[in-house]
Amino acid sequence: MSEPSFSRILVANRGEIAVRVIRACREMGIESVAVYSEPDRLAPHVMLADVTVPIGPARASESYLDGGKLIDAARLTGSQAIHPGYGFLAENPAFASDVLAAGMIFIGPPPEAIEAMGEKTRARALMRDAGVPVVPGSESVATEEEARQAARELGFPVMLKAVAGGGGKGMRVVNEPDELASAFTRARSEAGQAFSDPRVYLERFLDRPRHIEIQILADRHGNAVHLGERECSIQRRHQKLIEEAPAPVVDAELRDRMGLVALEAIRTVGYESAGTVEFLYAEGEFFFLEMNTRLQVEHPVTEMVTGVDIVQEQIRLAAGEPLGWEPDPAWPIGHSIECRISGEDPVNGFLPSVGRIRELEPPGGPGVRWDSGVSTGFDVGPHYDPLLAKLIVHAGDRDQAITRMRRALLELHVAGVRTTQPFHLAVMGEADFREGRISIRYVEDHPELLVGMEEELLDAATIAAVLLEEECHRTPVIPVRPLGPTRDGQLSGWQRAFRPGAAEWKAGV
Amino acid sequence: MKYYVRRAGELVEVETTETGVRIAGREARAQIESVPGSERRHLLIGERGVPLSAQRTDDGWAIEIHGRTVQLSLEDERTHTIRELAPPHGVRVPREVRAPMAGLVLRVEVEEGQRVQAGTGLVVIEAMKMENEIRAEAAGTVATITVAEGQAVDPDDLLLAFAGEEGE
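Residues numbered from 1 in each chain as written. Chains lettered and ligands numbered in written order. Predicted model: local features only at pLDDT ≥ 70, side-chain atom pairs only at ≥ 80, totals over all residues. Heavy atoms only, no water.

Draft legend 1. Here's a closer look at the overall build of chain A. From N to C terminus, chain A includes 18 helices and 23 strands. For chain A, with 509 residues in total, the buried portion stands at 53%. Taking contacts inside chain A between residues at least 6 apart in sequence as the whole, the part at least 24 apart equals 64%. Here chain A contributes 53 positive and 76 negative side-chain charges, whose respective centroids are spaced 4 Å apart. (Helix = DSSP H or I, 4+ residues; strand = E, 2+ residues; numbered from the N terminus. Buried < 20%, exposed > 50% of the residue type's maximum accessible area, 1.4 Å probe, protein only. Contact = heavy atoms within 4.5 Å. Lys, Arg positive; Asp, Glu negative; His and termini not counted. Charge placed at Lys NZ, Arg CZ, Asp CG, Glu CD.)

Printed below as a string of structure tokens:
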């Protein structure tokens, strides 16, 4: 690479993604500016950055979501560009425009592209017009008879969805014509209550589809490439938990087809920078779901199987450099899996778990990558996304990657906060996952994953507790001996004096 | 020593031996080492190593293995026997507190008229050279104390009584 294009970049985010961007900057010889809210003042992203700027209290709306403060911080520090990470302001077209208006570069797509893809129904219409396959559906239907007509055309089962919808409200699966009348009435009433708009439309119902997405990179000179797919079917309430590349069901031919469709999709909106086109895949067909106009949480699995540093590419492209390379036909090389380590207790319905991380030892060894936003002593609070770190592995094939992930998960040690570690361990050992039989309903289809605990581990815990308890009881009765080696030569007097509980014993003499 | 361990809703008897433990009738060689300055422990069952971390809780230990935490409440044999002898919890607030075993009253930890919470220590009885604290089963007001420090008691001797009007 030539001279660095920027000398200083402000990272408008926190946690593991801020750390990720700061690492990219440092490797490119660019200085990084971290911003932080009050509780994040000692967070790893702050400690790693070259320059740091406080931006307000814990509440995100007064810190990480306050575009004005971020732009002021960038100006104050002489930053030429702002990297938004993901979440917060990453897909906010107004913020992107404000950055440009302030004479700085937004490391992401043009605001118009963010806007075009941001509104789901508009994006869907745009894609349909561009010939990108979308899940077949009707216009909004006003009467039961219209609904029946549309259902006949689509073929059962169908899904009733609220036009104004989201979050599952007003959504109903209709398996047979007989169920349509009551489902239509209920969907309309639910939609009316939830969105003050009772209109519904029909979509073909996909049974247990997979979530498969294509990573793309585009420059402002008209060059664009795709880096293959990721499968992110293991999710809970639309939150991804495990991602992998390549997808078990995607072969070279399907990869090419999906890649070309993704490139067509981004051309339609004049896209540049890194982005992801998401699809639902079922029975050999794939349908456009939505586009994420930003860097994604799961980008590392693509980096592992291609060797491309997506964040560095994003920065380079933002500086106006041409893409300048072609994808390697040998991609994807090997297999990569990512497990999101979140501060959630999977044994208790994924309830958020907050507290101080008293101890943290990440795994290591061959093919293991640890992208973390936390460290020992960090207080995990309730204010932000529960994602603490990402554990990523790379190996020769999927089986080896699963074995490696299991090995790495067994090495991970976190004390103080409950995490999703045991969920991931359970999945790595589960037969359907190992065989690649997964869908976006995998988690609900496998309620047995965390029920009970292996008897062997339960016994180990029991034995540990008893031995520790015994240790506490035993300490006070160490026989009194003069200084010097004991008869068995193991403990000298001063060594014994520093044993836990020794003070109590002395006091008792 | 023998322990009664309550875990995930079941009660397990574990006895410590010279070289390890006897758990549910099976004998196992076992030892545990602590990593200095850390919650990490290394448990050896025979030659098999189990890395875990341990934290003390009010009534036992929280043991974490590979991200899963097991809460274990422990009672040694004596405490267990005392509790077994005491009237069952929550059925009826006991008005009288009686000696669960023969022994010597070492300390009386409350005064007449004192309001106590459930779990407050009332009387300490020394038996078999061990101190046993008798605690309040429920909140209430101590009405009369019928023993004094240094006094020998037999099983079922009245130690103290709670005020009658204190309905819970």
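Draft legend 2. How the structure looks around the interface of chain A and chain B. Between chain A and chain B, the contact holds 34 residues from the first and 40 residues from the second. Buried area between chain A and chain B, summed over both chains or domains, comes out near 3,300 Å², and the portion from carbon and sulfur atoms is 62%. The interface formed by chain A and chain B holds seven salt bridges in total. Between Arg48 of chain B and Glu456 of chain A there is a salt bridge; the shortest N-O distance is 3.7 Å. Taken together, the links from chain A to chain B amount to 15 residue pairs in polar contact (both at pLDDT 80 or more). Within the residue set of the side of chain A that touches chain B, elements represented by two or more residues are strand S19 (359-361), strand S23 (413-415), helix H13 (421-428) and helix H16 (455-474) of chain A. (Buried area = accessible area lost by both parts, 1.4 Å probe. Salt bridge = Lys/Arg side-chain N within 4 Å of Asp/Glu carboxyl O. Polar contact = N/O pair within 3.5 Å; in protein donor to acceptor, adjacent residues only side chain to side chain.)

Draft legend 3. Representation of the packing of aromatic side chains within the structure. Residues and elements named next belong to chain A. Tallying each qualifying case throughout the model produces eight aromatic pairs over all chains. Plain terms: the ring middles of Phe279 and Phe286 are 5.3 Å apart, the flat faces sit at 80° to each other, and that makes the pair edge-to-face. The pair formed by Phe279 and Phe286 is uniform in burial state, with each residue classed as buried. Residues Phe350 and Phe423 carry aromatic rings whose centres are separated by 5.5 Å and whose planes lie at 70° to one another, so their mutual orientation is edge-to-face. In this pair, Phe350 sits in the loop between strand S16 (344-345) and strand S17 (351-352) while Phe423 sits in helix H13, placing the two residues 73 residues apart along the sequence. (Phe/Tyr/Trp six-rings, centres within 6.5 Å; stacked < 30°, edge-to-face > 60°.)

Draft legend 4. Spatial organisation of the sheet that holds strand S16 (residues 158-162) of chain B. All names here are of chain B. Pairing is antiparallel in the open sheet, where four strands are placed in the order S9-S16-S14-S11. Strands with a single pairing partner mark the edges of an open sheet, and in this sheet they are strand S9 (96-98) and strand S11 (115-116). When S11 meets strand S14 (residues 140-145), the two strands line up antiparallel, connected through two bridges. Looking at S14, one finds that Arg115 is bridged to Thr141. (Pairing = 2+ DSSP bridges.)

Draft legend 5. Quick peek at the pairing of strand S12 (residues 239-245) of chain A. All names here are of chain A. With six of its seven residues buried, S12 lies for the most part within the structure. Here strand S11 (residues 224-236) pairs with S12 via four bridges, running antiparallel. Residue pairing in the sheet places Glu231 in a bridge with Glu244 of S12. Hairpin connection, S11 to S12: the antiparallel pair is bridged by two residues, and Arg237 has positive phi, about 50°.

Draft legend 6. Region of interest: the environment of Pro329 of chain A. All names here are of chain A. Positionally, Pro329 belongs in the loop between helix H11 (310-318) and strand S15 (335-342). Residue Pro329 is classed as exposed on the basis of its relative accessible area of 80%. Residues Pro329 and Ala252, 77 residues apart in the sequence, show an inter-C-alpha distance of 9.7 Å.

Draft legend 7. A look at the pairing of strand S7 (residues 60-65) of chain B. Residue and element names in this part refer to chain B. Most of S7 is tucked away: six of the six residues are buried. Bridge count between strand S6 (residues 48-57) and S7: five bridges; the pairing is antiparallel. Along S7, the bridge assignment pairs Ala54 with Ile63. Between S6 and the antiparallel strand that follows it, S7, lie two residues. The loop that links S7 with its antiparallel partner strand S8 (residues 68-76) comprises two residues; one of these, His66, has a positive phi angle of about 50°.

Draft legend 8. The pattern of salt bridges, seen in detail. Inspection of every chain in the model, using the stated rule, returns 56 salt bridges over all chains. Asp459 of chain A is paired through a salt bridge with Arg7 of chain B; the nearest N and O atoms lie 2.9 Å apart. In this pair, Asp459 of chain A sits in helix H16 while Arg7 of chain B sits in strand S1 (residues 2-7), so the two residues belong to two different chains. Summarising the burial analysis for this pair, Asp459 of chain A and Arg7 of chain B share the class buried. A single salt-bridge network, built from bridges that share partners, covers Glu213, Arg230, Lys240, Glu243, Glu278, Glu298 and Arg340 of chain A.

Draft legend 9. Spotlight on the sheet that holds strand S2 (residues 10-16) of chain B. Residues and elements named next belong to chain B. The strand order around the closed barrel formed by eight strands is S1-S2-S3-S4-S5-S6-S7-S8, and the pairing between neighbours is antiparallel. Each strand of the sheet is rotated relative to its neighbour by a mean of 35°, with strand direction disregarded. Pairing of strand S3 (residues 20-23) with strand S4 (residues 26-34), which is carried by four bridges, proceeds in the antiparallel orientation. Considered in S4, the bridge of Val21 is made with Ala28. Across the sheet, helix H1 (residues 77-85) touches S1, S2 and S8, and the angle it forms with S8 is around 75°. (Axes fitted to C-alpha atoms, helices over the stretch in contact; angles between N-to-C directions.)

Draft legend 10. Inspection of the nonpolar core at higher detail. Residues and elements named next belong to chain A. With 64 residues, the main nonpolar core has Ile234, Ile242, Phe423, Met428 and Phe433 as its most contacted residues. Excluding residues within four positions of it along the chain, Phe423 makes contact with Ile234, Leu241, Ile242, Pro346, Phe350, Val443, Leu449 and Leu450. The next biggest cluster of nonpolar side chains, apart from the first, holds 31 residues, and it includes Phe6, Ile22, Cys25 and Ala49. (Core = buried A, V, L, I, M, F, W, Y, C linked by side-chain atoms within 4.5 Å.)

Draft legend 11. Representation of empty space enclosed by the protein in the model. Residue and element names in this part refer to chain B. Summed over the entire model, instances satisfying the criterion amount to one cavity of 30 Å³ or more. In this structure, the largest cavity occupies an estimated 80 Å³ of space. Secondary structure elements with two or more residues in the lining of the largest cavity: S6 and S7. Element by element, the count of residues in the lining of the largest cavity is highest for S6, at three residues. Of the residues belonging to the lining of the largest cavity, the class tally is five nonpolar, five polar and two charged. (1 Å grid on protein atoms, 1.4 Å probe; cavity = no way out; pocket = protein on both sides within 12 Å on 5 of 7 lines; lining within 4 Å. Points joined across faces, edges and corners; volume = space filled by probe spheres on them. Nonpolar A, V, L, I, M, F, W, Y, C, P; charged D, E, K, R; others polar.)

Draft legend 12. Summary view of the side chain of Ser53 of chain B. Residue position: Ser53 of chain B is located in strand S6. Ser53 of chain B gets classed as buried once you look at its relative accessible area, which sits at 4%. In this structure the side chain of Ser53 of chain B is engaged in a polar contact, spanning 2.6 Å, whose partner is the side chain of Glu64 of chain B. Dropping the residues within four chain positions of it, Ser53 of chain B is found in contact with His413 of chain A together with Glu39, Arg40, Arg41, Ala62, Ile63 and Glu64 of chain B.

Draft legend 13. Spotlight on the packing of helix H12 (residues 398-411) of chain A against H13 of chain A. Residues and elements named next belong to chain A. Packing of H12 against H13 leaves a shortest axis separation of 10 Å and a crossing angle of 150°. Of the possible angle classes, the one that applies to H12 and H13 is roughly antiparallel. The element H12 and its partner H13 pack so that their crossing is left-handed. Only Gln421, His424, Leu425 and Met428 of H13 make contact with H12, whose side of the interface consists of Ile402, Met405, Arg406, Leu409 and Leu410. Among the residues forming the contact of H12 with H13, the class breakdown is six nonpolar, two polar and one charged. (Parallel < 35°, antiparallel > 145°, perpendicular 65-115°, else oblique. Left-handed = near helix turned anticlockwise from the far one by under 90°.)

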